[in-house]
Amino acid sequence: MQVTPAMPPERAREIAASFDLRALPPDFYANPYPVYAALREAEPVRRMPDSSWFLTRYADLVAVYRDAHAFSSDKKVEFTPKYGAGSPLLAHHTTSLVFNDPPLHTRVRKLIMGALTRRAIADMEPGLVLLVESLLDAIEAKGGGDLIEDFASAIPVEIIGNLLAVPREERGPLRGWSLAILGALEPKLTREQEDLGNRSVREFLDYLQVLVADRRRHPGDAEHDVLTRLIQGESGGEKLSEAELLQNCIFILNAGHETTTNLIGNALVALQEWPGQKDQLVRTIGKAPDWNALEPAMTLAVDEFLRFESSNQLGNRRAVHACEVGGVALPEGALVTLCIGAANRDPAQFANPDMLDLARENNRHLAFGFGIHQCAGLSLARLEGRVAIGRFLARFPRYRLTEAPTRGGRARFRGFLAAPFAVA
């Protein structure tokens, strides 16, 4: 089944000529990559209608990521007019790990990474396998289902819920809150989206206040329980304020959920469009003597899925002082959008970038970012991808989409809302 529609070159150039993140046409959301290619060729450092700058070359993104002194991740200047002073969305998105500079970023990242060691992630694998196999059992019993609702979205909710030790019976609202809060990061919001995002932050905080109070009374194992680590802080070090603690719990739940859901869903849909790659991966899985032997091949495949359809397509920075990127002078205070989706298909970095190649070597994609803000959970995401995609294909090598999947319709996070399928 053809899921991603082709876009004629002249249409891609037309959209690129008047490119505005706040006024994107429907065919861009369906397939943004020809537009990114047109921008990269004609105007790789583009001045946008709102006076921000849009970057599409791999080398330029890496240069910005490398220079955390010249390019700030702090979003107070950018988000205050967007969300309004005093709003829940502003409070959340300007306190979370990803949208802050050191020292807050350093403190929170260090605490999170202490519970995401190689050993801790390895310890998660048996439980992850049991979860995936139980989901596959349910799918087999029904003869199919929805790749997103019945599989992709169910996995990270459980894994991140386990990391924070959220009681299983209380995880129901997490996906809805996550979609609403992250959806509010889109370049243009409707009033309904903004209201839902603010309400979701308030409800999430109300829930977390109760959860945190209980964890203070009954601490968990700080080696595996991220919430207990965040509460206790580093030994002899500074602890997070209550606001920092609560907002970063929201961030952990959201970041680990949305991007991994998209990774798994995008991968399984992409394989329907690239049957030769699917067949090769299925043969590789079938010939492996055990799952440990498959890790190298599955790691290559997961990284290629991340490059080909980056779960997170856009990042943002602010120029702390006047500087230059890609030969273009940027003024102090310039807002810069880093187009990860475009950089990951830059032919200057990747051979045949519009081809899905699951054996691609030296795949230095930017789906996890780069530099001091590189995703703290990248090893966990890779593990989830390997286990989920590999075991799905082992169980259902002849799965097929039964109708066209529904895109999420967002520029920043690329994924599907629904993808109905049958197992044979």
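All residue numbers here refer to positions counted from 1 along the written sequence of the relevant chain. Totals for whole chains, interfaces and linings use every residue, but because this is a predicted model, local features are given only for residues with pLDDT of at least 70 and side-chain atom pairs only at 80 or more, for both listing and counting. As a convention, hydrogens and water are excluded, and side-chain values are obtained from all of the structure's heavy atoms.

Take the packing of aromatic side chains next. Note on aromatic contacts: the rings of Phe and Tyr and the six-membered ring of Trp form a pair at centre separations within 6.5 Å, being stacked when their planes are under 30 degrees apart, edge-to-face when over 60 apart, and tilted otherwise. One pass over the full model with this rule turns up 16 aromatic pairs. Ring plane angle 65 degrees and centroid distance 5.3 Å describe the contact between Phe79 and Tyr83, whose orientation is recorded as edge-to-face. Here the residue Phe79 and the residue Tyr83 both occupy positions in helix α5 (residues 76-83), the gap between them amounting to four residues, near one helical turn. Here the two residues Phe79 and Tyr83 agree in accessibility, since each one is buried. Segments assigned H or I by DSSP are reported as helices when at least four residues long, segments assigned E as strands when at least two residues long, and all are numbered from the N terminus. Only protein chains enter the accessibility calculation, which uses a 1.4 Å probe; a residue is then buried when its area is under 20% of its type maximum, exposed when over 50%, and partly exposed in between.

For the rest of this paragraph, the subject is the side chain of Arg46. Mapped onto the fold, Arg46 is located in strand β1 (residues 45-47). Between N or O atoms, a polar contact is any pair within 3.5 Å; within protein, one atom must be a potential hydrogen donor and the other a potential acceptor, and residues adjacent in sequence are included only when both atoms are from side chains. Separated by 3.4 Å, the side chain of Arg46 and the backbone oxygen of Phe19 make a polar contact. Here Arg46 is in contact with Ala16, Ala17, Ser18, Phe19, Leu39, Ser52, Trp53 and Phe54, once residues within four sequence places are set aside. In this analysis, two residues are considered to be in contact whenever any of their non-hydrogen atoms come within 4.5 Å of each other.

This part takes up the sheet that holds strand β3 (residues 71-72). Only when DSSP finds a minimum of two bridges between them are two strands counted as paired. A sheet is described by the order of its strands in space; here five strands give the open sequence β1-β2-β8-β5-β3, paired in mixed fashion. One side of each edge strand has no neighbouring strand; the edge strands of this open sheet are β1 and β3. In the sheet, β1 pairs with strand β2 (residues 53-55) via three bridges, with the strands oriented antiparallel. Bridging from a neighbouring strand, Arg46 pairs with Phe54 of β2.

All right, on to the side chain of Ser96 then. In this fold, Ser96 is placed in the loop between α6 (88-93) and α7 (104-113). Those residues in contact with Ser96, other than ones at most four positions away along the chain, are Asn248 and Phe251.

This part is about the pattern of salt bridges. When a carboxyl oxygen of Asp or Glu lies within 4 Å of a side-chain nitrogen of Lys or Arg, that pair is called a salt bridge. As enumerated under the stated definition, the model contains 26 salt bridges in all. The salt bridge involving Arg395 is made with Glu140; its shortest N-O contact spans 2.8 Å. With Arg395 in helix α18 (residues 378-395) and Glu140 in helix α8 (residues 118-142), the pair connects residues that are 255 residues apart, well separated along the chain. Its relative accessible area of 46% is what places Glu140 among the partly exposed residues. One salt bridge connects Arg345 with Asp354, and the closest N-O pair in it is separated by 3.1 Å.

On to the state of the cysteines, then. Here, the term disulfide refers to a pair of cysteine sulfur atoms separated by no more than 2.5 Å. Counted according to the given criterion, the structure contains zero disulfides. Considering cysteine sulfurs only, Cys375 is the nearest to Cys339, which forms no disulfide, with 18 Å between them. For Cys375, which is in no disulfide, the shortest distance to another cysteine sulfur is to Cys249 and amounts to 16 Å.

That bond from Pro102 to Pro103 is cis: its omega, 15 degrees, falls within 30 degrees of zero. Within the secondary structure, Pro103 is located in the loop between α6 and α7. In the Ramachandran plot, Ala165 falls in the positive-phi region, its phi being about 55 degrees despite a non-glycine side chain. Assignment of secondary structure puts Ala165 in the loop between α10 (154-163) and α11 (174-183). With a relative accessible area of 31%, Ala165 lands in the partly exposed category.

By convention a nonpolar core is built from buried Ala, Val, Leu, Ile, Met, Phe, Trp, Tyr and Cys residues, the set being connected through side-chain atoms within 4.5 Å. Ranked by size, the top nonpolar core spans 96 residues in total, and within it Ile112, Leu147, Phe151, Ile155, Leu230, Phe305 and Phe392 carry the most contacts. For this core, the element with the highest residue contribution is helix α14 (residues 242-273), accounting for 14 residues. Excluding residues within four positions of it along the chain, Ile112 makes contact with Leu97, Val226, Leu230, Ile252 and Ala376. In terms of nonpolar packing, the next biggest core, distinct from the first, is built from 21 residues, Trp53, Leu55, Ala70 and Ala319 among them.

Looking now at the packing of α10 against α18. Put simply, α10 and α18 touch, their axes get as near as 11 Å, and they point 140 degrees apart. By the criterion of interaxial angle, the relationship of α10 to α18 is oblique. Crossing angle aside, the handedness with which α10 passes α18 is right-handed. Residues Ile155, Pro156, Ile159, Ile160 and Leu163 of α10 form the contact with α18, whose own contacting residues are Leu380, Glu384 and Ala388. Note that Gly is not counted as nonpolar here; it falls among the polar residues with everything else outside the nonpolar set of Ala, Val, Leu, Ile, Met, Phe, Trp, Tyr, Cys and Pro and the charged set of Asp, Glu, Lys and Arg. Grouping the amino acids of the contact of α10 with α18 by side-chain chemistry returns seven nonpolar, no polar and one charged. The axes are straight lines fitted to the C-alpha atoms, using for helices just the contacting stretch, and the angles between their N-to-C directions are given from 0 to 180°. The cut-offs work like this: below 35 degrees is roughly parallel, past 145 is roughly antiparallel, 65 to 115 is roughly perpendicular, and the gaps in between are oblique. Handedness of a crossing is defined here by the sense of rotation of the near helix relative to the far one, left-handed for an anticlockwise turn of less than a right angle and right-handed for a clockwise turn.

Counted residue by residue, strand β8 (residues 335-339) has four buried out of five residues, so it is predominantly covered. In the sheet, strand β5 (residues 314-319) pairs with β8 via five bridges, with the strands oriented antiparallel. Pairing of Asn316 across the sheet is with Thr337, part of β8.

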